[in-house]
Amino acid sequence: MNVLPKFCRYVSTNVLGTISLSCYILADTFFVAASQGTSGLAALNICIPVFNVMNALGLMLGIGGGTRYAIFQAQKDEQGAQRVFSSMMLLGLGLGAVGIAVGLLLTRPLVLLLGADSETLALAMEYMHTILSFAPFFLLNNILQAFVRNDGAPQLAMAAMFTSSFSNVILDYVFMFPLGMGMFGAALATGIAPVLSLCVLGTHFLPSAKGRCRLHFSPRQFSLPAVLHAAPLGLSSFVTELSSGVVLLVFNQLILRAAGNTGVAAYGIIANLALVGIAVFTGIAQGIQPLISEAYGHSDTASLNKIRRYALTLALVLAGLFYLAVNLWAGPLVAAFNQDGDAQLAAIARHGMTLYFLGFFFAGPNIITAAFHSAVNQPRMGFWVSMIRGCIALVPLALLLGLTFGLNGVWLSYVLAEAAAFAFILVCAAVRSGSRGKNC
């Protein structure tokens, strides 16, 4: 494989796409803050974990299925490739129907469970109910993007992500300001965005793309074994995305205890800015996945090593740039979301950013490593890295440090959890080296 040109092509398109995709919530945060103030910002932050769950499920089915699809194509197993595609699409549709049912029947108890109070309950319910009504579109969009990317069309996947993100920004403004639709308008704009993305992705199946498109959907090809073999390869992506929701849920409760709804709103700013950085690392991971799976299918060890080295180097360089940016421009970044000029909110957010973003120096390599192992049909390592950084280390550290040191403990728990996952990677690498290549 001619690695560097393909690496640049796939990674650049996916990084641009995932950055634009992160604007889903970032645009909502900006416009909700401008329209609904601190209460709306806190309500939005309460609802984000459910958005993370939908994205996590879609990424697990898409990345896992896409990885198997790429390996099957490299091995010339056309039947296996089409079976896994059809199975993942059908499963995504079924899970989306479950999401609609939850939105219709369980919105109130769900937002109460996530931390809504009398000040945020009505706003959170309005947003949550609308978002869950679009659950099938969120899931199918993530799944189809992964398969189109693995079918040799990364530019189209990027175009779909750009379409969804920019339409969300435009519709957010139109629905919330000229039309005055409030939280419902913000949620409706976010829900319409994946519908438009699916329309763009659908052009991959047009007769004009027949020579390039190898994807063929058939309900008759659903196979539970295909799902069970493919889904574990997307577990690291699932845990990575789901951990964002877990972090929000745990942090919201701790911050609410320490600094009230103003603290939760401040964390909403930090979390949404961090979402852009994590989206870049995720874009690198998603970009290298088709290349890794292709090289793995051809047993091309030299290309695998080059791809991993390029990705890790890029992640570390970008982590340094992110940390420099939030330290140099913390004030203007916070002010963009602090339309009320709340001095307490600004102080909490600025200080939190300088601590929280230290975790990026570990988060980038962690995400890349987890994705690499999943893409070479070794999901166990990727799963454990994602579990440590998302749950096993983070939740206990957040509870211990947050209850002991307040807000500073909450911010530093993220940094230490990422560092623990990175230490796990180094230990496993040392064990593999000492045991002549045996798995950790």
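As shown above, the structure is provided for reference.
What counts as what
- Residues numbered from 1 in each chain as written.
- Predicted model: local features only at pLDDT ≥ 70, side-chain atom pairs only at ≥ 80, totals over all residues.
- Heavy atoms only, no water.
- Helix = DSSP H or I, 4+ residues; strand = E, 2+ residues; numbered from the N terminus.
- Contact = heavy atoms within 4.5 Å.
- Axes fitted to C-alpha atoms, helices over the stretch in contact; angles between N-to-C directions.
- Parallel < 35°, antiparallel > 145°, perpendicular 65-115°, else oblique.
- Core = buried A, V, L, I, M, F, W, Y, C linked by side-chain atoms within 4.5 Å.
- Buried < 20%, exposed > 50% of the residue type's maximum accessible area, 1.4 Å probe, protein only.
- Salt bridge = Lys/Arg side-chain N within 4 Å of Asp/Glu carboxyl O.
- Disulfide = S-S within 2.5 Å.
- Expected span 1.5 Å × (residues − 1).
- Arc of directions from axis to C-beta.
- Left-handed = near helix turned anticlockwise from the far one by under 90°.
- Nonpolar A, V, L, I, M, F, W, Y, C, P; charged D, E, K, R; others polar.
- Phe/Tyr/Trp six-rings, centres within 6.5 Å; stacked < 30°, edge-to-face > 60°.

J.: A description of the side chain of N55 should follow, citing residues and the corresponding values.
T.: Counting through the fold element by element, N55 comes out in helix α1 (residues 3-74). If near-sequence neighbours (up to four positions away) are discounted, N55 is found in contact with N142 and E241.

J.: So, the packing of helix α5 (residues 135-150) against helix α6 (residues 154-176): which residues are in play, and what are the values?
T.: In contact at an axis separation of 7 Å, α5 and α6 are set at 155 degrees when each is read in the N-to-C sense. As the angle between them shows, α5 and α6 are arranged roughly antiparallel. Contacts between α5 and α6 pair Q145, V148 and R149 from the former with P154, L156, A157, A160 and M161 from the latter.

J.: Can you tell me about the nonpolar core, naming the residues and giving the values?
T.: Formed by 107 residues in total, the largest nonpolar core has its most connected members in F251, Y267, Y356, F357 and W411. Top element by residues in this core is helix α9 (residues 235-297). It accounts for 26 residues. Other than its neighbours up to four places away in sequence, F251 contacts Y267, Y356, L394, A398, V410, S413 and Y414.

J.: Provide a residue-level description of the pattern of salt bridges, including the pertinent values.
T.: Close approach of charged atoms lets side chains of opposite charge pair. Using the criterion set out here, one finds 3 salt bridges in the structure. One salt bridge in this structure joins K6 and E294, with 3.6 Å as the shortest N-O distance. Here the residue K6 occupies a position in helix α1, and E294 occupies one in helix α9, the gap between them amounting to 288 residues. Since its relative accessible area comes to 26%, E294 is described here as partly exposed.

J.: Account for the state of the cysteines, naming residues and giving values.
T.: Here a disulfide denotes one covalent bond, and it connects the sulfur atoms of two cysteines. According to the stated counting rule, one finds 0 disulfides in the structure shown. Between C213, a free cysteine, and C199, which holds the nearest cysteine sulfur, the sulfur-to-sulfur gap is 16 Å.

J.: Run through the environment of R212, naming residues and quoting values.
T.: By the element assignment, R212 lies in the loop between α7 (182-202) and α8 (224-230). With 60 residues separating them along the chain, R212 and G152 place their C-alpha atoms 7.7 Å apart. Beyond its immediate sequence surroundings of up to four residues, R212 is in contact with D151 and H204.

J.: I'd like a rundown of helix α15 (residues 394-405), residues and numbers included.
T.: With 12 residues, α15 should reach 16 Å at 1.5 Å per residue; the first-to-last C-alpha distance of 15 Å fits that figure. Every buried residue of α15 is listed here: L394, A398, L401 and G402. The buried residues of α15 occupy an angular sector of 100 degrees when projected down its axis, which confines them to one face. Seen from the buried face of α15, the exposed residues on the opposite side, beyond 90 degrees, are L400 and L403. Downstream of α15 by a residue or two, G406 has a phi angle that is positive, lying close to 70 degrees.

J.: Give me the packing of α5 against α7: which residues, what numbers.
T.: Contact geometry of α5 with α7 gives a least axis separation of 9 Å together with a crossing angle of 35 degrees. The crossing of α5 and α7 is left-handed. Here F137, F138, L140, N141, L144, Q145 and V148 of α5 lie close against α7, whose contacting residues are T190, G191, P194, V195, S197, L198 and L201. By residue class, the composition of the contact of α5 with α7 is 9 nonpolar, 5 polar and no charged.

J.: Can you explain the packing of aromatic side chains? Please cite residues and give values.
T.: All told, the structure shown has 24 aromatic pairs when counted by the stated rule. For the ring pair F281 and F360, a centre distance of 5.6 Å and an interplane angle of 70 degrees mean the geometry is edge-to-face. Of the two residues, F281 is situated in helix α9 and F360 in helix α13 (residues 360-375); the sequence distance between them amounts to 79 residues. A residue is classified by how much of its surface remains accessible, and F360, at 0% relative accessible area, is buried.

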